[in-house]
Amino acid sequence: MHTATDPNTASVQRALQVSFEFFPPKTEKMQESLWACVKRLAPLAPLFVSVTYGAGGSTRERTHDTVIRLQKEWGVPAAAHLTCVQATRDDIDAVARDYRDAGIRHIVALRGDPPEGSVEYVPHPGGYPFAVDLVAGLRRIADFEISVAAYPEVHPAARSARDDLENLRRKIDAGATRAITQYFFDADTYRRFVDRARSAGISVPIVPGILPVTNFSQVVKFSRACGTSIPAWLRDRFEGLDEDPRTRELVAATTAIELCEELQRDGVRHFHFYTLNRADLVFAICHTLGVRPPAFSSP
């Protein structure tokens, strides 16, 4: 019996919760797209929305501005990504205090990707070396809610699956309150990972990260970098659709809905969507799962 599939949990039809990840705009056109996305998805009352950094923390200021505006103007609980890349501890601590003072109480604490042009991650000499150190530092600054990353198929830089899971446990012990997984495409991948995590004594929520696939070749590239496997059936679904975006979007929605519904039957009640700032697709998936604005809710 695996922990993720708990019939007692599944029988209790708690309200499904969702959260969304956005990326900060780089151009005026992208800014318009982001706020249109927020306008579309905010009525779904997400548990929180998070805003990423660019590679190497390159969009730190835009992330900060977007997070503050999300929470102040839209009333949506906002979570800011913070990474260890290319920043001193003092710099990161100052950003965290700014968030605290602005009323932001949720941080997504990540090691971060190497800067563009670099192959391997190298800790900043005056910074937090890894995510576990960042979590501990944030916990000293304020009583943040802290989410961290989890890798169902093992982080590419980890020496082994055991070491990777031990690293997650250290982040939780340092003060993280939730783990959000890297995206995956087979429900069994998530189930096995949750089983292993629970057996290792990790008891915090492990939220499945869901990536609706709209650009298959791009997802293949992303997946090589983050260690996510691409099932043969998924390749088959998107075969021949390179020049057919409308069909790709329908297939993307169907595929994500099937995965979420399978995990719902296991008792999963929180999904974190990597939106890529594509509101309509994510809205359609949520609608099908029963997450709707109040005006569309069933009595």
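Up top is the structure.
Remember, predicted model here, so these are calculated numbers, not experimental data. (Residues numbered from 1 in each chain as written. Predicted model: local features only at pLDDT ≥ 70, side-chain atom pairs only at ≥ 80, totals over all residues. Heavy atoms only, no water.)

## Quick word on the sheet that holds strand 6 (residues 178-181)
Point 1. Strands sit in the order 7-6-5-4-3-2-1-9-8 across an open sheet of nine strands; the sheet is parallel. One side of each edge strand has no neighbouring strand; the edge strands of this open sheet are strand 7 (206-207) and strand 8 (209-210).
Point 2. Relative to strand 5 (residues 145-150), strand 4 (residues 106-110) runs parallel, the two being bridged by four bridges. By the bridge assignment, Val-108 is partnered in strand 5 with Ser-147.
Point 3. Those strands touched by helix 10 (residues 245-266) are strand 8 and strand 9 (270-274), and its axis lies near 160° from that of strand 9. (Pairing = 2+ DSSP bridges. Helix = DSSP H or I, 4+ residues; strand = E, 2+ residues; numbered from the N terminus. Contact = heavy atoms within 4.5 Å. Axes fitted to C-alpha atoms, helices over the stretch in contact; angles between N-to-C directions.)

## Here's the deal with the environment of Ile-92
Point 1. Within the secondary structure, Ile-92 is located in helix 4 (residues 89-101).
Point 2. Exposure remark for Ile-92: the relative accessible area of 3% places this residue in the buried category.
Point 3. Measuring from C-alpha to C-alpha, the distance between Ile-92 and Tyr-128 comes to 8.6 Å, with 36 residues separating the pair along the chain.
Point 4. When sequence neighbours within four positions are dropped, the list of residues in contact with Ile-92 reads Leu-82, Thr-83, Cys-84, Ala-87, Tyr-128 and Leu-134. (Buried < 20%, exposed > 50% of the residue type's maximum accessible area, 1.4 Å probe, protein only.)

## Considerations on unusual backbone geometry
Point 1. Despite not being glycine, Gln-86 has its phi angle at roughly 55°, a positive value.
Point 2. On the basis of relative accessible area, Gln-86 is assigned to the exposed category, the value being 51%.
Point 3. Positive phi, normally seen in glycine, also occurs at Leu-276, with a value near 50°.
Point 4. Looking at the secondary structure, you find Leu-276 in the loop between strand 9 and helix 11 (279-289).
Point 5. Overall, the relative accessible area of 30% leaves Leu-276 in the partly exposed class.

## Side note on the pairing of strand 4
Point 1. Counting buried positions over the five residues of strand 4 gives four, a clear majority of the element.
Point 2. Pairing of strand 3 (residues 78-83) with strand 4, which is carried by five bridges, proceeds in the parallel orientation. Bridging from a neighbouring strand, Ala-79 pairs with His-106 of strand 4.
Point 3. With helix 4 bridging strand 3 and the parallel strand 4, this β-α-β connection has right-handed handedness. (Right-handed = clockwise from strand over helix to strand, strands pointing away.)

## Quick look at helix 2 (residues 28-41)
Point 1. The end-to-end C-alpha separation of helix 2 is 20 Å, in line with the 20 Å expected for 14 residues at 1.5 Å each.
Point 2. All of the buried residues in helix 2 are Leu-34, Trp-35, Cys-37, Val-38 and Leu-41. Across the axial projection of helix 2, the buried residues extend over an arc of 150°, all falling on one side. Away from its buried face by more than 90 degrees, helix 2 exposes Glu-28, Lys-29, Glu-32 and Lys-39.
Point 3. Contacts from the buried residues of helix 2 go to strand 1 (17-22), helix 3 (60-74) and helix 11. (Expected span 1.5 Å × (residues − 1). Arc of directions from axis to C-beta.)

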